[in-house]
Each structure stands twice: as C-alpha cells, then as structure tokens.
Amino acid sequence: MRRNLTGALLLLLIGLTISSCTEIKRGEYAKGTAYVACDDGFKKILDEEIEVFEYQYPDAFILPAYMSETAAIDSLMAGKTQLAITTRELTPQEIKTIKNKQKRIVRQNCIAVDAVAIIVNKDNPVGLLSMSEIGDILQGKISKWSQLAVPDDSNIKIVFDNPGSSTVNYMREHFLPEGAKISDNPNAFAQKNNQQVFEAVKQDKQALGIISVSWLGDNLQATKMPVGKRLESLKNTNDTIKTDFSEAVKVLKVRRNDEPEGYKPYQVYINSGEYPLFRKVYLISTGSNSTVVHSFYTFVTGFVGQKIISQTGIMPYHVNPRVVSLK
C-alpha cells in the first residue's frame, strides 16, 4: 500500500506540484496525482473514497493531508491544494480572492450530513445529556460526574481533538460565549486527532469525548471485503445502510432542552434532525475540468462516492436514506 504523505512534507509537495494530468475528453477520468486537505474528523470517509476511486481508476492517485479545518481552508486559499473537505462553504469574499489571485473557479458541494457524538467510557452509567447540560459541562458549570446524578465525585475530563478542528469549532460556536474556548476549561484536554480521543475515552472512566460520528461506526474496510467486490456492492445497492457503533465506548443520547426524549446519532435521526448535533460536510474544489482534482470531485459527489459515505455511519447528502427500525 502506498503511504499517505502528511504534515509539512506533503504541503511542500502540494505547493510545488498541485496536480499532474493528461488532457482528457468529456466523461473520462484524468491520469496523474491530486492532493486533498481534510479535517481529521473525516479521515475514515476520505480513506475509503480514495481506495475505491484508485481501484476504479488505477492511473489516478489522491494524496491526503489530514489537518485542522482551519489549516485546510488556509491551504486552499494559499493555492497549496485545490481540494479540501470542511464543514463550511467558502464565503463570497474567499471565493473572490481565489478567483482574483489564483484565476480559478470554486466548486463546492455538500457531500454529507455529519454529527458530533458525545462519548463516555463503556462503564460510565450516564446514558443521556441535554443540550444545556453539554453547554454547562463545556463552560465548567458542571465539572463533576456527581452533578449528573452519578455516584462519583471525580472531575469530568473533557477530551477533544486539536483546537482548530471542525468538531471543536462546532462545539465552541454552539455552546460557548463569543471569544471563549473549550481549552479555557481546566478539565479540558486536547488530543492530536479523533483516534486519540477515542482511545482516551476507552481507557478512562472519567473522560467525556467529543468526536465525529464517522469514527464510531463499522466501515467498509472492517468487513475485509476485497475492494473489487466492495465496488460492485456499492454500485448495486440503492438504500442507506445503517451501521452500528463501536462497543468499545458508550455513545450518549442527546436531547433538546424542551424535549423529554434523547437520540443517538444514527443516520435516521441525523436525517430527521431529531439528533441535534449535526452539521453539513462540504467538498471544495478549485481544479479545472481536465484534472484528477475534478475527477475525484465528480466521483465523491456521484452515486458510488455517496454510497461510500453511507457506509461510514453518517448521512450522504445526495442519496435518499431508507428508514430502519432501531432499538
């Protein structure tokens, strides 16, 4: 397997060589290499999109760089990459800047509806939180598990990924006063990525983790199905496949303050809006038509690319879901 290039080395390569391709006719896929900057919260999704895309088009290569959402947008604005996955669209001013400085047209498409999951250790008795309780935890008003009717006077250890991530940005905007940061809470502990958040909660009964829900479900690679058979299956199924959450941690139900019932971030509840912590995911491209960049953009926003997203546990934006019965 080809290793993913990350960090400064990859960004240097991106700056030197945005993409390599040959001229292609309408409907064909370009040959060569393209680079994509992606928030770490969507790593599982992008890894699977790349694997299936490269299998289907063996002369095209996608090299991902996983970073904070802030860094991904900065890379796009600086022309270091022509592809980025984020949870917000570029503003009209940002689009104008790219057009004026890079002479490129921006394409941006919503590819998924993701959810932010709240997780605790599987031995933690808490099963549900209200939106106001989540806000109070992040602001430090609720700092001990005993304040949530748990017979444990230990501090709640808030575990999150890097401060510039899309997940942290979302929680800050929804629950904290303007200018405040999650890291201001003395019981908050930043990790490098979502995988470390998952592992910290798995090992620590006092931890409360904030994580993208796509990190918690079964995925295509977990089935050990050869990529060729996987591609065939994706082409021949039309409905959304419900995935179960990992049993290594507990995924909490979340309820709105004015509602008695809470919901876990299953696809059906993300789609209905009953699970409140949801956000859109965008694929942004500045690549021209005859490039690998545009080929990959077309793939991810197309039927097979959207089916891959449905397998990760979040909602594909362009595929109608099948509502399933959940216990």
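One structure accompanies this document, and this report is about it.

Rules and cut-offs
- For every chain, the first residue of the written sequence is number 1, and numbering continues from 1 along that sequence.
- Thresholds applied to this predicted model are a pLDDT of at least 70 for local features of residues and 80 or more for the giving and counting of side-chain atom pairs; totals over whole chains, interfaces and linings are not thresholded and use all residues.
- Computation of side-chain values: all heavy atoms of the structure, hydrogens and water removed.
- Note on method: axes are straight lines fitted to C-alpha atoms, helices fitted across the in-contact stretch only, with angles between N-to-C directions ranging 0 to 180 degrees.
- Secondary structure elements follow DSSP: runs of H or I of four or more residues count as helices, runs of E of two or more count as strands, with numbering from the N terminus.
- Pairs of residues are marked as contacts when any of their non-hydrogen atoms sit within 4.5 Å.
- In the scheme used here, Gly and all other residues not listed as nonpolar or charged are polar, with Ala, Val, Leu, Ile, Met, Phe, Trp, Tyr, Cys and Pro taken as nonpolar and Asp, Glu, Lys and Arg as charged.
- Only one rule defines a salt bridge in this text: a Lys or Arg side-chain nitrogen within 4 Å of an Asp or Glu carboxyl oxygen.
- For every residue, the accessible area obtained with a 1.4 Å probe (protein chains only) is divided by the maximum for its type, and the residue is called buried under 20%, exposed over 50%, and partly exposed between those limits.
- A pair of Phe, Tyr and Trp rings is counted when the ring centres sit within 6.5 Å of each other, with Trp represented by its six-membered ring. The angle between the planes then sorts it: under 30 degrees is stacked, over 60 is edge-to-face, the rest tilted.
- Whether a charge sits over a ring depends on NZ of Lys or CZ of Arg being within 6 Å of the ring centre and within 35 degrees of the ring normal.
- The directions from the helix axis to the C-beta atoms are what the arc is built from.
- The scheme is simple: roughly parallel for angles under 35 degrees, roughly antiparallel for over 145, roughly perpendicular for 65 to 115, oblique for anything else.
- With the far helix as reference, a near helix turned anticlockwise by less than a right angle produces a left-handed crossing, and one turned clockwise produces a right-handed crossing.

**Details of the packing of helix H3 (residues 69-77) against helix H4 (residues 92-102)**
Then comes step 1: At a closest axis distance of 10 Å, the pairing of H3 and H4 adopts a crossing angle of 35°. Where H3 abuts H4, its residues Ile73, Leu76 and Met77 lie against Glu94, Thr97, Ile98 and Gln102.
Then comes step 2: When the residues that make up the contact of H3 with H4 are grouped by side-chain class, the tally is 4 nonpolar, 2 polar and 1 charged.

**Quick look at the pattern of salt bridges**
Then comes step 1: With the rule as written, the count across this model stands at 4 salt bridges.
Then comes step 2: Two residues, aspartate 47 and lysine 43, come together in a salt bridge whose shortest N-O distance is 2.8 Å. A residue pair is termed a helical-turn pair when its members lie 3 or 4 positions apart in one helix, as aspartate 47 and lysine 43 do in helix H2 (residues 43-56) at 4 residues.
Then comes step 3: A salt bridge links glutamate 94 to arginine 88; the nearest nitrogen and oxygen atoms lie 2.9 Å apart.
Then comes step 4: You can call glutamate 94 buried: its relative accessible area is 16%.
Then comes step 5: Arginine 88 gets classed as partly exposed once you look at its relative accessible area, which sits at 30%.

**Some points on the packing of aromatic side chains**
Then comes step 1: Across all of its chains, the model carries 5 aromatic pairs by this definition.
Then comes step 2: Ring plane angle 55° and centroid distance 4.9 Å describe the contact between tyrosine 263 and tyrosine 269, whose orientation is recorded as tilted.
Then comes step 3: These aromatic residues form a ring-pair network of at least three members: Phe53, Tyr57, Phe296 and Phe299.
Then comes step 4: Geometry around tyrosine 170 places arginine 279 over its ring, the cationic atom sitting 6.0 Å from the centre.

**Some points on helix H5 (residues 131-139)**
Then comes step 1: The complete set of buried residues in H5 reads Met131, Ile134, Gly135, Ile137 and Leu138. Buried residues of H5, viewed axially, fall in a sector of 160°; they line one side.
Then comes step 2: On its buried side, H5 packs onto strand S5 (107-121), strand S6 (128-130), strand S7 (157-160), helix H6 (166-175), strand S9 (207-212) and strand S11 (253-255).
Then comes step 3: One or two steps after H5, the chain reaches glycine 140, where phi turns positive at roughly 90°.

**Side note on the packing of H2 against helix H10 (residues 292-301)**
Relative orientation and spacing of two packed helices are given, respectively, by the angle between their axes and the distance between those axes.
Then comes step 1: It is the contact of H2 with H10, at a shortest axis distance of 11 Å, that shows an interaxial angle of 110°. Considering the angle they form, H2 stands roughly perpendicular to H10. In this structure, H2 crosses over H10, and the sense of that crossing is right-handed. Contacts between H2 and H10 pair Leu46, Glu49, Ile50, Val52, Phe53 and Gln56 from the former with Ser295, Phe296, Phe299 and Val300 from the latter.
Then comes step 2: Across the contact of H2 with H10, the residue classes tally to 7 nonpolar, 2 polar and 1 charged.

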